[in-house]
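Spelled out, the chains give:
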Amino acid sequence: MFNGLVLGALLALISSGLTIIYGTLGVLNLAHGAMFMMGGYAGFLAFEATGSFTLAIISGALFVMVLGIVMERVIIRHFYGRPNEDQILVTFGLSIVFVEAIRFCFGSLSRSVPPPAWATGVTPLGFMLYPTYRLVVVGIVAVALLALYLVLYRTRLGMIVRAGIEDSVMVDSLGINVFRVFMVVFGIGAMAAGFAGIVNAPVVSLTPDMGEMILVQTFVVVVIGGVGSFPGAILGGLIAGQILSITSMINPGYAYVMLFAAMTLVLLIRPRGLLGLRSRD
Amino acid sequence: MTNRSSASTSRRDFLRSTALAGAAVAAGGGSSLFMPTRASAADYPALGTFPAGSAGNSVFVGITVPRTGTYAVQGEDELKGYQLAIEHINSGHPLIKAISPKTTKGVLGKEVKYGVADDEAKPNSAVQNISRFISENKAVLMTGGTSSAVAVALNKLAQREKVFYVVGISGSNDTTGKDCVRYSVRECTYGQTAAAALGPVLLKAFGKGKKAAYLTPDYTYGHTVQKSISEYLNKEGGWTTVTNQVCPLGAPDYSSFLLNISNSGADFLLNINWGHDAVLSIQQAKQFGVLDKQKLVIPYQVPFLAREVGQALIEDVYACTSFWWTMEDKYPLAKMFVAEFEKKYGYKPEWGANTCYMQFAMWANAVETAGTFYPPEVIKVYESGAKLQSTSGEVYFRPEDHQLVRPCVIVRGKKTAAMKGKEDHWEVLDILPGEPLMDKPDAAGCKLGDYT
């Protein structure tokens, strides 16, 4: 239950980044897992340099946001009018570049970022002992999701983004600089993954491949929750976390089977996802 | 398979042999010319990639290792060992000559070339990689491993394709046990010998009647190592297995397993996980407070483990391994190997690189001794039981199951304060002769199969 909550919270955060990028830009970002990994490594470098976990989180998130913005400006922008296959190929290619760049710089040896001193050890929950930092992760992610919610639902930018998800042509015709919005959205979406990467670093050590598995899970979450839906990403993340965790307790070999079975079930019953408003063509 | 080589091949081989002989005489290696066992390709029927693979001035070796995924670190380490060995074989390095005395430069005068492919420790990928090397490059030798599931799959491929296979890292009893084949050999220690070596050490250090929890990866390596070590401790020491948590290879999270282990009341956690799985599960065992109440044991040591999890987590941890670099104090060839490896790569070698270096060096010796690349003749050299000089002293291959009879090394994680350098992670407690540790060759049901 707790394991599922921690994993689900992380998946919710990463998926929310993926879903707002896809919902707004229509780009399926296969480099999202690599963003998660890059956030971890950027935070690791910051931690090595400063010894501060807080600075590591800030650096990891900001670095990936900047990386996302640069990616959008330099490459992704040129693919908005191209077929989906091209977008998939270019983001997949970028993810390979990022992973191999990290492998080249850091090697395959895993890197660890320790949790802050106040969050080490275990916390007695009455019925069991649980790692304190994992409980902290839930809190950190909850705050991050709240911040993302406020940006999306309580700011002018968020209003434009949500409008863009509904009808980007209309937003463009209203005189709003859609490309600037796209750039910011891509940066925020990437930042969500990078932030999750460094927050998760003390739980799992960093390796260049760490984004691959999380990418698959994230896509499933987005499909379950509803493509383009921020609340759907949160709900889908929490559901996926519980499915993976509970199945792992019974038979870990079937964790992914159950996850995909759940996704299939959702697609059969509600093709647009649990909280998806409409399907993209 | 029974076609003899054509007359033109025979003439080419004769001319080539003559040219090589001239070169060898000029290089001062003339003594090998008069070896009675030296034979040309025409003396043997075509088999596998023979004679096509060795018809030119070079021979090709196909290497598949995990360069990504759970065992990526160890795969890269293996590759370094292979590459150093090939470099030494081609240059006729003194270390190779000490292991393979007939080596001049290359193998039978032919330069060794190689190709590398990433298998992610997946058997299907490994088989595809090597199949491509066999069909496209006419590989005369194949290697790969790291995961015993890969080793077992490649065993079958080697036997089917009649291409010789030297196993990289593989700890499963099955590799030279029930899944053994005529066309492969293994150099490193494995579950059964690790258990027989480490078991008495654990009983002496901690006594009898303890409770043990196991964290076991769900494939042939994990199951056979867990079986071997638990059977020994339970039978000889009256230990009890309170839980055996079987987890999938490459599990991203060990929470559910560790919660069960934490609640099991065990005195010891024997973690059989390997590669990044070992790193992650040990780090998470610490997070869950398991290591505060249970003593960690690593039955089958993992290269780079100490560097990755940090020395604090392996202090006083017992393990069995095939090689640790401080063995250079005892074995002259180990000293040469450590110096050469460090010169090339800038750090002390771990046991995976050592195993892979030795496998290529011993293959070079077998081919040079056979005087041909014809696989059955090469295999017969391995099966001769001839003593070989190695970085772990004198060793030999058991003809019945193709397992190297070699020492098992018992190590214990050093206290951080006792480390004499940043790579001084393990203290070698004992180097145990291999032969008394090994079950009889037929105990695991090995049936090697045919030569042709």
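Relevant structure appears above.
Residues numbered from 1 in each chain as written. Chains lettered and ligands numbered in written order. Predicted model: local features only at pLDDT ≥ 70, side-chain atom pairs only at ≥ 80, totals over all residues.

Engineer: Please give an account of the overall build of chain B that cites residues and values.
Structural biologist: Looking only at helices and strands, chain B features 15 helices and 15 strands. The C-alpha extent of chain B, read off along each of the three principal axes, is 75 × 40 × 35 Å. Sequence separation of at least 24 residues holds for 72% of the intrachain contacts in chain B that already meet a minimum separation of 6. (Helix = DSSP H or I, 4+ residues; strand = E, 2+ residues; numbered from the N terminus. Contact = placed C-beta atoms within 7 Å.)

Engineer: Let's hear about the interface of chain A and chain B: which residues, and what values?
Structural biologist: Opposite the 21 residues of chain A that make contact, chain B presents 25 residues. Counting residues per element, the ones that place at least two in the side of chain A that touches chain B are α1 (2–25), β2 (129–131) and α9 (230–250) of chain A. The greatest single-element share of the side of chain A that touches chain B, amounting to three residues, is contributed by α9 of chain A. Split into classes, the residues belonging to the side of chain A that touches chain B amount to eleven nonpolar, nine polar and one charged. (Nonpolar A, V, L, I, M, F, W, Y, C, P; charged D, E, K, R; others polar.)

Engineer: Tell me what's going on with helix α13 (residues 332–345) of chain B, and back it up with residues and numbers.
Structural biologist: A rise of 1.5 Å per residue sets the reference length of α13 of chain B, with its 14 residues, at 20 Å; its end C-alpha atoms lie 20 Å apart and thus fit the reference within 8%. Here the buried face of α13 of chain B lies against α2 (72–91), α3 (94–99), α14 (351–370) and β11 (388–390) of chain B. (Expected span 1.5 Å × (residues − 1).)

Engineer: Any chance you could break down the sheet that holds strand β9 (residues 295–300) of chain B for me, citing the residues and the numbers?
Structural biologist: Residues and elements named next belong to chain B. Judged by pairing direction, the sheet is mixed, and its seven strands sit side by side in the order β7-β6-β8-β9-β10-β14-β15 without closing on themselves. Either end of the sheet is taken by a strand with one partner, and the two such strands are β7 (240–247) and β15 (426–432). Averaged over all neighbouring strand pairs, the angle between strand axes comes to 20°, with direction disregarded. Judged from the four bridges that link them, strand β6 (residues 211–217) and strand β8 (residues 268–271) form a sheet pairing that is parallel. In the strand pairing of β8, alanine 212 is matched with phenylalanine 268. Packing against the sheet, helix α9 (residues 275–287) makes contact with β6, β8 and β9, and its axis sits at approximately 160° to β8. (Pairing = 2+ DSSP bridges. Axes fitted to C-alpha atoms, helices over the stretch in contact; angles between N-to-C directions.)

Engineer: Hey, could you go over the sheet that holds β11 of chain B for me, with residue numbers and the actual values?
Structural biologist: Residue and element names in this part refer to chain B. One open sheet accounts for three strands, arranged β11-β12-β13; its pairing is antiparallel. One side of each edge strand has no neighbouring strand; the edge strands of this open sheet are β11 and β13 (404–405). With two bridges joining them, strand β12 (residues 393–397) and β13 adopt antiparallel strand pairing. Bridged to tyrosine 396 within β13 is valine 405.

Engineer: Report on the nonpolar core, specifying residues and quantitative values.
Structural biologist: Ranked by size, the top nonpolar core spans 231 residues in total, and within it Leu13, Ile14, Val64 and Phe195 of chain A together with Leu154, Leu269 and Phe360 of chain B carry the most contacts. Element by element, the count of residues in this core is highest for helix α7 (residues 178–199) of chain A, at 15 residues. Both domain 1 (7–189 + 330–406) and domain 2 (192–321 + 408–437) of chain B contribute no fewer than three residues apiece to this core. Apart from residues lying up to four places away in sequence, phenylalanine 360 of chain B is in contact with Tyr82, Ala85, Ile86, Ile89 and Val166 of chain B. (Core = buried A, V, L, I, M, F, W, Y, C linked by C-beta atoms within 7 Å. Buried ≥ 20, exposed ≤ 12 C-beta atoms within 10 Å, placed from the backbone. Domains from an automatic or database assignment.)

Engineer: An account of the pairing of β7 of chain B is requested, with residue identities and associated values reported.
Structural biologist: The side chains of a regular strand alternate between both faces of the sheet. All names here are of chain B. As paired strands, β6 and β7 are joined by seven bridges and run parallel to one another. Paired with tyrosine 214 across the two strands is asparagine 244, which belongs to β7. A crossover connection joins β6 to the parallel β7 through helix α7 (residues 220–237); in handedness this β-α-β unit is right-handed. (Right-handed = clockwise from strand over helix to strand, strands pointing away.)

Engineer: I'd like a rundown of the environment of valine 178 of chain A, residues and numbers included.
Structural biologist: Residues and elements named next belong to chain A. Tracing the backbone shows valine 178 in helix α7. Sequence separation of valine 178 and glutamine 87 is 91 residues, and the distance between their C-alpha atoms is 18 Å. In contact with valine 178, not counting residues within four places along its chain, are Gly164, Ser168, Val171 and Asp172.

Engineer: Tell me about the packing of α1 of chain A against helix α8 (residues 210–225) of chain A, residues and numbers included.
Structural biologist: Residues and elements named next belong to chain A. Taken N-terminus to C-terminus, the directions of α1 and α8 make an angle of 75°; their axes are 9 Å apart at the nearest point. Compared by their axis directions, α1 and α8 come out roughly perpendicular. For the pair formed by α1 and α8, the contact residues are Leu11, Ile14, Ser15, Leu18 and Thr19 on the first element and Ile214, Gln217, Thr218, Val221, Val222 and Gly225 on the second. In terms of residue class, the contact of α1 with α8 is built from six nonpolar, five polar and no charged. (Parallel < 35°, antiparallel > 145°, perpendicular 65-115°, else oblique.)

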